[in-house]
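Here is what each chain is made of, one letter per residue.
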Amino acid sequence: MLVFVFTALSLLSPCLATIPRPRGVAISMASFYKPDVPFQCLDGSKQVPFEYVNDDYCDCPDGSDEPGTSACTNGKFHCTNAGYRPINILSSRVNDGICDCCDGSDEWEGNIECVNNCKELGRKMREDREKQMQLQDSGYKVKLQYMEEGKKRRAEKRAEMETLEQSKVELEALKNEVEARKIEVEGPEKEAKEKHEQAWKEVQEAKKAELDKIKAETAFYEMDENKDNRVDLVEIKAHAQFDVDNNGEVCDSEAREHLEIGEEADHVDLEHFMEKVWPNIRDFYKSPAEQEDKGDNQEIEPKLPPRPGRRYVKNKLPMIERKKLQMREKPEDNMLEPPKATSSGVPDLVVPPTGEEENRVGENKTGEEEAMPEYDDETKQLIAVADAARKQFTDADNALRDAENAIRDLQNYLNLDYGPNEEFSALKGNCYEYTDREYTYKLCGFEKATQRPKAGGSETTLGNWGKWEGTPEDKYAAQKYENGQSCWNGPNRSVKVNMKCGLENKVTGTSEPSRCEYAFDFETPARCTEPPARASDDTHDEL
Ligand code: MAN
């Protein structure tokens, strides 16, 4: 209380500066050093005669009896520093040959001549203070704008959110409605399409069956070399492809097995062939022409026993050519001529399909499946209706999704703490760069911080927005960006952004105080405070 009274008085009345006091004692403490009464050590531990004060011998445990000498190791010397800032220095610095006080009062023995530069320092201090005041002043004006804009933005986002929440409800209802309609019209569409596809499948299967029948008949007549409308044991034995054990000849048992006949029979007719033989051999049967294409005949034919009626020369023609030849030749001239339709119902169909005919039975020229014919008009109409319903559903679904995404974005914005008056919202969505010797650093407000090597290379994420991390008294003094890319053998990268008042938003410095832990200095008007009313002089000096 007493200290306060003296301090207050000293500010109010410059004449108090002339109060007599021992060397090294502040005006505010002068009353404790009264020459006419014994000195009470300031810690209250003992009393000593006043003559003991500054007698260069330490009497008080707290060193208070030697304020102007270096006798006590724990004593304090008060520099008045008139015109500048008064300070207390350690007693050990008194008369140590170094000027510690700007008024030079600590070197009173005269071992060194100190220049009194307190006035100059005072002037500089006042100029700096003035600059600071101006900075705070101008920055605060910008901050007021930020606050206004930030509050407006929050209000707009809230309103937008309410509208979107409302349209979300409507969009959900619309989506359900068009979904129901879609399901309703997709049923008949599916049914009609399946009907059409089933019919097409049946046609295809019929064509395949027809082709298979032709192939079987062709095979039969190809094998029936003596043209007696039967395939005999001898004839089947002439086909090396039935040599199951691969011993170079088709033996009786192999031939019978393929013909599905017992010991008592030695031939099959067309009907038996189609029903029993063809299903067994259709997958591997090769016509003479096919065998020829692969050069198989060269291997097979020398092994065949010469038999009357065999015409190898004709067999070497491609099958289609051979059939054409057969059609031209007179029956009596040609043992290979296919028989006319017989009582067994063998038609003129034995000629294998030409390219055109193959198309007719389900394959196009490239051997691919023939395309399904267009849907009939009624099905087309059902598809059109279903397509329209599907489009309506997709549109409604997309609109709902867009609304949900927009709501999420708004929620993210509104969840952030932009300062007590929304002043930091000015940093949201903006990025600030700073380049040092090695890297370009980037800070995107409330999002992330990155680092990019100047020499080129990929960007490293140093951290994503985490939290405010100032002091308990000043929460908004620093931001923390955390969980950046992991550091080899170290922590995930993180950045502390120290924020102070400045006229514009900018990163003014970066450092890496510990490996992968970065510190950015950031200036922003959002950190400026309303300057207090200017006092004419608040240097608290002891003029
Ligand atoms: C990179 C940079 C540096 C960091 C090292 C750690 O070179 O991100 O800042 O110290 O990785 O290995």
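This text goes with the structure placed above it.
What this report covers is the structure whose coordinates are included nearby. (Residues numbered from 1 in each chain as written. Predicted model: local features only at pLDDT ≥ 70, side-chain atom pairs only at ≥ 80, totals over all residues. Heavy atoms only, no water.)

**A closer look at the state of the cysteines**
(1) Moving on: Evaluated as defined, the whole model comprises 8 disulfides.
(2) Moving on: Between the sulfur atoms of Cys-79 and its disulfide mate Cys-101 the distance is 1.9 Å. With the S-S bond torsion at -55 degrees, the cross-link from Cys-79 to Cys-101 turns out left-handed. With Cys-79 in strand β3 (residues 76-79) and Cys-101 in the loop between β4 (87-90) and α2 (118-223), the pair connects residues that are 22 residues apart, well separated along the chain. Per residue, the accessibility class of Cys-79 equals that of Cys-101, and both read buried.
(3) Moving on: For Cys-501, the disulfide goes to Cys-528, at an S-S distance of 2.0 Å. Here Cys-501 and Cys-528 share a disulfide; its torsion about the S-S bond, 85 degrees, makes the bridge right-handed. Of this pair, Cys-501 sits in strand β12 (residues 494-501) while Cys-528 sits in the segment after β14 (517-524); the two residues are 27 residues apart in sequence, bridging distant segments of the chain. (Disulfide = S-S within 2.5 Å. Helix = DSSP H or I, 4+ residues; strand = E, 2+ residues; numbered from the N terminus. Buried < 20%, exposed > 50% of the residue type's maximum accessible area, 1.4 Å probe, protein only.)

**Quick look at the pairing of strand β10 (residues 460-468)**
(1) Moving on: Bridge count between strand β9 (residues 448-453) and β10: 4 bridges; the pairing is antiparallel. By the bridge assignment for β10, Lys-448 is matched with Asn-464.
(2) Moving on: A loop of 6 residues connects β9 with β10, the two strands running antiparallel in sequence, and Gly-456 in this loop sits at a positive phi of about 105 degrees.
(3) Moving on: With 5 bridges joining them, β10 and strand β11 (residues 478-483) adopt antiparallel strand pairing. Bridging across to β11, Asn-464 finds its partner in Glu-482. (Pairing = 2+ DSSP bridges.)

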